Amino acid sequence: SQQGEEDPQALSIQEGENATMNCSYKTSINNLQWYRQNSGRGLVHLILIRSNEREKHSGRLRVTLDTSKKSSSLLITASRAADTASYFCATDAAGGSYIPTFGRGTSLIVHP
Amino acid sequence: DGGITQSPKYLFRKEGQNVTLSCEQNLNHDAMYWYRQDPGQGLRLIYYSQIVNDFQKGDIAEGYSVSREKKESFPLTVTSAQKNPTAFYLCASNREDTEAFFGQGTRLTVV
């Protein structure tokens, strides 16, 4: 069962622009995580935000969480060609067993 | 260096053959997971294990089997009952309520 859904499915921007991806989910969560996947590789963890947090930053990444709307956003500022990848959100259900459940991802292409 | 290792990177399976994908971690994580990823798709959970000698079916367990005899190891067998096994398989591990660490994946192709 797919818990999170990312939007848009694909995003194409120019280097230097900001990229925003959104994630919506269905049930209450313990935390929400964002991951990055380069083509043909494993996923790499970017940021974890807990259900009692509203915003987190890490370098050029900013994540927000709105539990009332069951949604999160990932903002990549001043994008670079090297940011080209697929980005996934994952959630684990509150009161559950901490199993990361993934959406379908957003494919980001940053043109140099 | 701590990490999670999957092998082989590429695997070819003939019709009717069972194959086993290896996943080893030295992160001392209790929980381990197997996901399947089809082209352009998200990750679907096959099996997970939260403690040694125990594992549970995920959303798409049919045609797959696992074992968890050691904390470090969680091998996945793709049986002949899995009719469409061609996919990218990802193994992950985590501690309770923390981020997951992934292996580099195994690409399985039916020939």
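Remember, it's a predicted structure, so these values are computed and weren't measured experimentally.

### Quick look at the pattern of salt bridges
Logical step 1: Applying the stated criterion across every chain yields a total of seven salt bridges over all chains.
Logical step 2: Note that R62(A) is salt-bridged to E55(A), the shortest N-O span being 3.2 Å.
Logical step 3: Among the ionic pairs, K71(B) bridges to D30(B), the shortest N-O distance being 3.4 Å. Taken as a pair, K71(B) in the loop between β7 (64-66) and β8 (76-78) and D30(B) in the loop between β3 (19-25) and β4 (31-37) lie far apart in primary sequence, 41 residues in all.
Logical step 4: Classification of K71(B) by relative accessible area gives partly exposed; the value is 23%.
Logical step 5: Overlapping salt bridges bring together R36(A), R60(A) and D83(A) as one network.

### A word on the layout of surface pockets
Logical step 1: As a volume, the largest pocket reaches approximately 460 Å³.
Logical step 2: Around the largest pocket, the lining is made up of 23 residues, and of these Q37(B), D38(B), P39(B), G40(B) and Q41(B) lie nearest the centre.
Logical step 3: Among the elements of the structure, β9 (85-93) and β11 (106-111) of chain A together with β9 (87-94) and β11 (106-110) of chain B are those that each provide at least two residues to the lining of the largest pocket.
Logical step 4: Of the residues assigned to the lining of the largest pocket, the class counts are six nonpolar, 14 polar and three charged.

### Let's talk about the sheet that holds β3(B)
Residue and element names in this part refer to chain B.
Logical step 1: Spatial strand order, β1-β3-β8-β7: four strands in an open sheet with antiparallel pairing. Each edge of the open sheet is held by one strand with a lone partner, namely β1 (4-7) and β7. Adjacent strand axes in the sheet meet at a mean angle of 20° when their direction is disregarded.
Logical step 2: Sheet topology note: the β7/β8 ladder contains three bridges and is antiparallel. Counterpart to Y64 in the pairing with β8 is V78.

### Things to note about the state of the cysteines
Logical step 1: Applying the stated criterion to the full structure yields two disulfides over all chains.
Logical step 2: Across the disulfide, C23(A) is cross-linked to C89(A) (sulfur-sulfur distance 2.0 Å). One disulfide, between C23(A) and C89(A), carries an S-S torsion of 65° and so falls in the right-handed class. Of this pair, C23(A) sits in strand β3 (residues 19-24) while C89(A) is found in strand β9, placing the two residues 66 residues apart along the sequence. Across the pair, exposure class does not vary: C23(A) and C89(A) are buried alike.
Logical step 3: One disulfide in the model links C23(B) with C91(B); its S-S distance is 1.9 Å. Looking down the S-S bond of the C23(B) and C91(B) bridge, the torsion is -75°, so its handedness is left-handed. Remark: C91(B) occurs in strand β9 and C23(B) occurs in strand β3; sequence separation between them is 68 residues.
Logical step 4: For C23(B), a relative accessible area of 1% translates into the label buried.
Logical step 5: Judged by relative accessible area, which is 0%, C91(B) ranks as buried.

### Here we look at the packing of aromatic side chains
Residue and element names in this part refer to chain B.
Logical step 1: For the structure on display, the rule yields eight aromatic pairs over all chains.
Logical step 2: Judged by centre distance (5.9 Å) and plane angle (80°), the ring pair of Y47 and F55 falls under edge-to-face.
Logical step 3: Looking at Y47, the relative accessible area reads 8%, which means it is buried.
Logical step 4: Aromatic pair Y64 and Y89: ring centres 5.9 Å apart, planes at 65°, arrangement edge-to-face.

### Description of the pairing of β11(B)
For a regular strand, the rule is simple: side chains alternate between the two faces of the sheet.
All names here are of chain B.
Logical step 1: Looking at chain direction, strand β2 (residues 10-13) and β11 are connected through four bridges and run parallel. From the neighbouring strand, R13 faces β11, where its bridge partner is V110.
Logical step 2: The pairing of β9 with β11 spans three bridges and is antiparallel. Looking across to β11, one finds that F88 is bridged to R107.

### Topic: the pairing of strand β5 (residues 43-51) of chain B
Residues and elements named next belong to chain B.
Logical step 1: Here β4 pairs with β5 via six bridges, running antiparallel. Looking at β5, one finds that W34 is bridged to Y47.
Logical step 2: Between β4 and β5, which pair antiparallel and follow one another directly, the connecting turn spans five residues, one of which, G40, has a positive phi of 70°.
Logical step 3: The pairing of β5 with strand β6 (residues 54-57) spans three bridges and is antiparallel. The residue of β6 that forms the bridge with I51 is D54.

What counts as what
- Residues numbered from 1 in each chain as written.
- Chains lettered and ligands numbered in written order.
- Predicted model: local features only at pLDDT ≥ 70, side-chain atom pairs only at ≥ 80, totals over all residues.
- Heavy atoms only, no water.
- Salt bridge = Lys/Arg side-chain N within 4 Å of Asp/Glu carboxyl O.
- Helix = DSSP H or I, 4+ residues; strand = E, 2+ residues; numbered from the N terminus.
- Buried < 20%, exposed > 50% of the residue type's maximum accessible area, 1.4 Å probe, protein only.
- 1 Å grid on protein atoms, 1.4 Å probe; cavity = no way out; pocket = protein on both sides within 12 Å on 5 of 7 lines; lining within 4 Å.
- Points joined across faces, edges and corners; volume = space filled by probe spheres on them.
- Nonpolar A, V, L, I, M, F, W, Y, C, P; charged D, E, K, R; others polar.
- Pairing = 2+ DSSP bridges.
- Axes fitted to C-alpha atoms, helices over the stretch in contact; angles between N-to-C directions.
- Disulfide = S-S within 2.5 Å.
- Phe/Tyr/Trp six-rings, centres within 6.5 Å; stacked < 30°, edge-to-face > 60°.

Treat this as a map of the structure, not an account of what it does.
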